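Residue-level listing of the chains:
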Amino acid sequence: RNCSVLLGSLLIHNVSFSGYSGNGINISPIQLTDLSALNSLEEIHGFLAVVDVSHNLTSLSFLPKLRSIHGSFDSYRNFYSVYISRNTALQSLDLNGAVQVRFGNVAVLNNSQLCTNANWGPLIDVSYSQVPGFTASGNRPSASCGLQCDSNCNSSSVGCWGVGPRSCIYCSAREYDEECVATCNYDAVSGVCKACDPNCAGDRCSGP
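Everything numeric here is computed off the predicted structure, so don't read it as measured data. (Residues numbered from 1 in each chain as written. Predicted model: local features only at pLDDT ≥ 70, side-chain atom pairs only at ≥ 80, totals over all residues. Heavy atoms only, no water.)

Caption draft 1: How the structure looks around the state of the cysteines. For the structure on display, the rule yields five disulfides. Across a sulfur-sulfur distance of 2.4 Å, cysteine 115 and cysteine 145 are joined as a disulfide pair. Of this pair, cysteine 115 sits in the loop between strand S10 (105-109) and strand S11 (134-137) while cysteine 145 sits in helix H2 (residues 142-145), placing them 30 residues apart in sequence. Like cysteine 145, cysteine 115 is buried. (Disulfide = S-S within 2.5 Å. Helix = DSSP H or I, 4+ residues; strand = E, 2+ residues; numbered from the N terminus. Buried < 20%, exposed > 50% of the residue type's maximum accessible area, 1.4 Å probe, protein only.)

Below is the structure:
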């Protein structure tokens, strides 16, 4: 909890929730609510793999601050920095902002309920990946999804992680409080949106 950098890899598997005991190995089961301990995670130096989860894991929204997956010293199946496959309840990725992949490839495969139009390709450093860098197949057919990116998303080349302004990969205009917005109290010096004075109505202002 309250960890921003993981120096290893993150593997979430069905065994994570069912537990395992045998051959001298004892893995205690976790609950879905335990994943909230990852809310502060910004960087993974190894890989991210979510595989064969049959529990009620409907999204990856427990990783709202994730911005970088290095894959620099470890990869899943010796090939992938991100591998999301065969998760029967997964419906949306629901990440937040651009997640850069430094080394390795990305695969999103055979998640029968997953509705996604996210294109990881532009997020991958092609200097350290193998063609094709991003593979997606066997997920919920896009025709039955009806997923539309929020109007505040710049989704022309990358799509989005899910529904709403907090699920954009890139913003069309500005970002404030991890949400894409059309306008904000923008500080040109710091290059970020700032909160309005508490006395401003509706959080609208043109300065401090």
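Caption draft 2: Focus on the side chain of serine 85. In this fold, serine 85 is placed in strand S8 (residues 80-85). A distance of 3.2 Å separates the side chain of serine 85 from the backbone oxygen of leucine 109, its partner in a polar contact. Once residues within four sequence positions are removed from consideration, serine 85 is found in contact with Val50, Val51, Asp52, Leu109 and Asn111. (Polar contact = N/O pair within 3.5 Å; in protein donor to acceptor, adjacent residues only side chain to side chain. Contact = heavy atoms within 4.5 Å.)

Caption draft 3: Spatial organisation of the environment of tyrosine 80. Looking at where tyrosine 80 falls in the secondary structure, it is placed in strand S8. Considered as a pair, tyrosine 80 and leucine 63 are 17 residues apart in the sequence and their alpha carbons are 19 Å apart. Those residues in contact with tyrosine 80 that lie beyond four places of it in its chain are Phe47, Ser75, Asn105, Val106 and Ala107.

Caption draft 4: The environment of serine 81, seen in detail. Residue position: serine 81 is located in strand S8. A relative accessible area of 1% places serine 81 in the buried class. Along the chain, serine 81 and glutamine 148 lie 67 residues apart, while their C-alpha atoms are 27 Å from each other. Contacts of serine 81, omitting those with residues within four sequence positions, involve Phe47, Leu48, Ile69, His70, Gly71, Val101, Phe103, Gly104 and Asn105.

Caption draft 5: The sheet that holds S10, seen in detail. One open sheet accounts for five strands, arranged S2-S6-S8-S10-S11; its pairing is parallel. The sheet is open, and its two borders are formed by strand S2 (10-13) and S11, each paired with just one other strand. On average, each strand axis in the sheet is tilted by 5 degrees relative to the strand beside it, whichever way the strands run. Relative to S8, strand S6 (residues 48-51) runs parallel, the two being bridged by four bridges. Opposite leucine 48, over in S8, you have valine 82 as the bridge partner. (Pairing = 2+ DSSP bridges. Axes fitted to C-alpha atoms, helices over the stretch in contact; angles between N-to-C directions.)

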